[in-house]
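Notes for the structure review
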Amino acid sequence: MVTKGVSLTNGIVFIASLQHLDPSMPHYTADTWTFIRGAASTIDRDLGFIGKYLWHNANETHVLHHHIGTIPHYHAVQATEAIKPIMGVHYHRNTSGMVGIMDTFIKLGRACQWVESSVGSVGDGKGVLFFQGIGHIKQKGAIVKGNSATKVSLR
Amino acid sequence: MAFSQYTTLNDAIGLILHSALLVPYFSWKITHKHHHKGVGNMATDTAFTPPTRLSFAQGFNKTIEEIAEVAEDAPIYSFFVTLIQQLFTWQAYTLIMMGVGENWFERKAAKEKVESPEKNEDGTIRRTYGLSGSLFNPYSPYFNELDARFIIITDAAILVTFLLLHWVGRTYGWGNLILWYCIPYVLINSCVSKLQTFPQSLSSWFPISLINFAFHSFLSNTLFTSFLRRILLGIRIFLSSIATCYFSQRGNQRCFTD
């Protein structure tokens, strides 16, 4: 409750961090990383009024920014619409809006604390690291289950 | 090239606007380029690189299980973490290499001519923070020899901003300076740090490292963790005993052994 109350006032300046953080998106070790994998592990979040009018859609078009960094912000919305059908399921977007993002933000703080490879992964799979957090562990009632068991999308 | 087709004009405008907000323009331009070149790569990314399980646990000098036990659902802890992040993430990022991939620490060790840097159990380099990795340092691991002069220009611009702020404070009063610049700075700053650096964001390894950084000098880790545990458990027991007393008729015995 304390966190929530404070975050609501402070949250407006807070939420932009979320473009590289989501339990559904992996990080990669140097061996398994490729540019396109890295660029696809970003997320667009809809920040409503703030994103649209104050931050020039920086959060709404971040996936595009990482694929084609030379497109200026004033064309980014249009270009994002264009890459959506091409990227298909690889395109991550959060449409919870300005209010829903607060909840997401609180959950992310618990869920995204460190990264580790999923339990039971073999070979190259070991180089794909997912977020894990104490919040997740506690939520599931069991400690150290590994990410595959506890992965929850917050979108 | 979103502003003009002339790089020099872009850089000039960028330098003025960034420096006015005390942001090192060329340093950030270069590290942001590295961020794009290695986004999501645990070794080469320069922003939002999360800790591994091992380094997260190392931050507390405890196992994950023990940390989970201590920090279980503690709103005050989350609040503390949030506050620290809001206020200091960006500064830590610019000053002591917070939230960057392990390759940069290897480069730092190479630049400082450390013969055999300390390794973690999983073979990665042990992170050593310090001002030599600062974005204001022309010879920090992010930059090559050709970049150095741009970093010096950046530093000069930041210095000019400080002088201007000082002049404003002297002329119009320090209270006005706080109202006009410092308060908006904190707001914009936390916005910026969330936007571009962390960590880690929310990458929780920043506060943990900061706690380490802050407490290592005058408290041992063990002491600190027991301190944290005591406070958190104390709050929980206090609240639950109040609740028990309030809602049950069984008397004090139960409250204080709970």
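In this text the structure is predicted, and so the values were computed from the model without any measurement.

What counts as what
Residues numbered from 1 in each chain as written. Chains lettered and ligands numbered in written order. Predicted model: local features only at pLDDT ≥ 70, side-chain atom pairs only at ≥ 80, totals over all residues. Helix = DSSP H or I, 4+ residues; strand = E, 2+ residues; numbered from the N terminus. Contact = placed C-beta atoms within 7 Å. Pairing = 2+ DSSP bridges. Expected span 1.5 Å × (residues − 1). Buried ≥ 20, exposed ≤ 12 C-beta atoms within 10 Å, placed from the backbone. Core = buried A, V, L, I, M, F, W, Y, C linked by C-beta atoms within 7 Å. pLDDT = per-residue confidence, 0-100. Axes fitted to C-alpha atoms, helices over the stretch in contact; angles between N-to-C directions. Parallel < 35°, antiparallel > 145°, perpendicular 65-115°, else oblique. Left-handed = near helix turned anticlockwise from the far one by under 90°. Nonpolar A, V, L, I, M, F, W, Y, C, P; charged D, E, K, R; others polar.

When helices and strands are tallied, chain B shows 11 helices and zero strands. When the helices and strands of chain B are read in sequence order from the N terminus, they spell out α-α-α-α-α-α-α-α-α-α-α. Long-range pairs, those at least 24 residues apart, make up 65% of the contacts in chain B with a sequence separation of at least 6.

When its secondary structure is counted, chain A shows eight helices and five strands. Traced from its N-terminal end to its C-terminal end, chain A shows the element sequence α-β-α-β-α-α-α-β-α-β-β-α-α. In chain A, once contacts between residues fewer than 6 apart in sequence are set aside, the share between residues at least 24 apart is 57%.

Residue and element names in this part refer to chain A. Judged by pairing direction, the sheet is antiparallel, and its three strands sit side by side in the order S1-S5-S4 without closing on themselves. Every other strand in the sheet has two partners, leaving strand S1 (27-28) and strand S4 (114-117) as the edge strands with one partner each. Here S4 runs beside strand S5 (residues 128-132); their pairing, made up of four bridges, is antiparallel. Following the sheet pairing, Ser 117 is matched in S5 by Leu 129.

Moving on, we come to unusual backbone geometry. What you tend to see is this: most non-glycine residues have negative phi, and most peptide bonds are trans. All names here are of chain B. One non-glycine residue, Leu 22, adopts positive backbone phi at about 60°. Inspection of the secondary structure assignment puts Leu 22 in the loop between helix H1 (7-20) and helix H2 (25-37). A positive phi angle, near 55°, is found at Lys 113, a position not held by glycine. Positionally, Lys 113 belongs in the loop between helix H6 (102-111) and helix H7 (148-172).

On to helix H6 (residues 97-111) of chain A, then. Between the first and last C-alpha of H6 of chain A there are 20 Å, a value that for 15 residues agrees with the 21 Å anticipated at 1.5 Å per step. Listed in full, the buried residues belonging to H6 of chain A are Ile 101, Phe 105, Leu 108, Gly 109 and Ala 111 of chain A.

All names here are of chain A. Along the chain, the position of Gln 19 falls in the loop between helix H1 (2-10) and S1. On the basis of neighbour count, Gln 19 is assigned to the buried category, with 26 C-beta atoms found within 10 Å. Separated by 73 residues in the primary sequence, Gln 19 and His 92 have C-alpha atoms spaced 10.0 Å apart. When residues no more than four places from it in sequence are discounted, the contact partners of Gln 19 are Thr 42, Ile 43, Arg 45, Asn 59 and His 62.

An α-helical turn contains 3.6 residues, so a residue and the one three or four places further along point in the same direction. Across its 13 residues, H2 of chain B extends 18 Å between first and last C-alpha, which sits within 8% of the 18 Å expected from 1.5 Å per residue. Next to the buried residues of H2 of chain B lie H1 and H7 of chain B.

Another point: the nonpolar core. Proteins that are soluble and globular tend to have nonpolar side chains buried together. Among the nonpolar cores identified, the biggest contains 20 residues, and Tyr 25 and Trp 104 of chain B are the most heavily contacted of them. Those elements giving two or more residues to this core turn out to be H2, helix H5 (75-96), H6 and H7 of chain B. Looking at this core element by element, the count peaks at four residues for H2 of chain B. Contacts of Trp 104 of chain B, omitting those with residues within four sequence positions, involve Thr 46, Met 97, Pro 141 and Tyr 142 of chain B. Among the nonpolar cores identified, the runner-up in size contains 17 residues, and Trp 33, Leu 47 and Trp 114 of chain A together with Phe 56 of chain B belong to it.

Another point: the confidence of the model for chain B. All names here are of chain B. In the predicted model, chain B carries a mean pLDDT of 72, and 65% of its residues have values of at least 70. Ranking the helices and strands of chain B by mean pLDDT puts H7 first, with 94, and helix H9 (residues 205-216) last, with 37. The low-confidence segment residues 194-231, where pLDDT is below 50, has 79 contacts with residues more than four positions distant or belonging to other chains. Scored as a whole, the predicted complex attains pTM 0.72, and scored at its interfaces, ipTM 0.76.

This next bit is on the confidence of the model for chain A. Residue and element names in this part refer to chain A. Looking at chain A, pLDDT values average 74 and 75% of them are 70 or higher. For chain A, H1 is the element with the lowest average pLDDT, namely 35, and S1 is the one with the highest, namely 92. Taken as a whole, residues 1-13 scores under 50 in pLDDT and shows 26 contacts with residues more than four places along the chain or in a different chain.

For any two helices packed against each other, one specifies the crossing angle of their axes together with the interaxial distance. Residues and elements named next belong to chain B. It is at 9 Å that the axes of H1 and H7 come closest, and there the two elements cross at 45°. Classed by the angle they form, the pair H1 and H7 counts as oblique. Note that H1 runs across H7; the crossing there is right-handed. Residues Leu 15, Ser 19 and Ala 20 of H1 form the contact with H7, whose participating residues are Ala 157, Ile 158 and Thr 161. Considered class by class, the residues forming the contact of H1 with H7 number four nonpolar, two polar and no charged.

Right, let's get into the packing of H2 of chain B against H7 of chain B. Residues and elements named next belong to chain B. It is at 7 Å that the axes of H2 and H7 come closest, and there the two elements cross at 135°. Judged on the interaxial angle alone, H7 and H2 are oblique. Here Tyr 25, Phe 26 and Ser 27 of H2 lie close against H7, whose contacting residues are Phe 150, Ile 151, Ile 153 and Thr 154. For the contact of H2 with H7, the class distribution of residues is five nonpolar, two polar and no charged.

Okay, the environment of Asp 45 of chain B next. Residue and element names in this part refer to chain B. Its location among the elements puts Asp 45 in the loop between H2 and helix H3 (53-60). Judged by C-beta crowding, with 27 C-beta atoms within 10 Å, Asp 45 ranks as buried. Ignoring any residue separated from it by four or fewer positions in sequence, one finds Asp 45 in contact with His 35, Gly 38, Val 39, Gly 40 and Gly 101.

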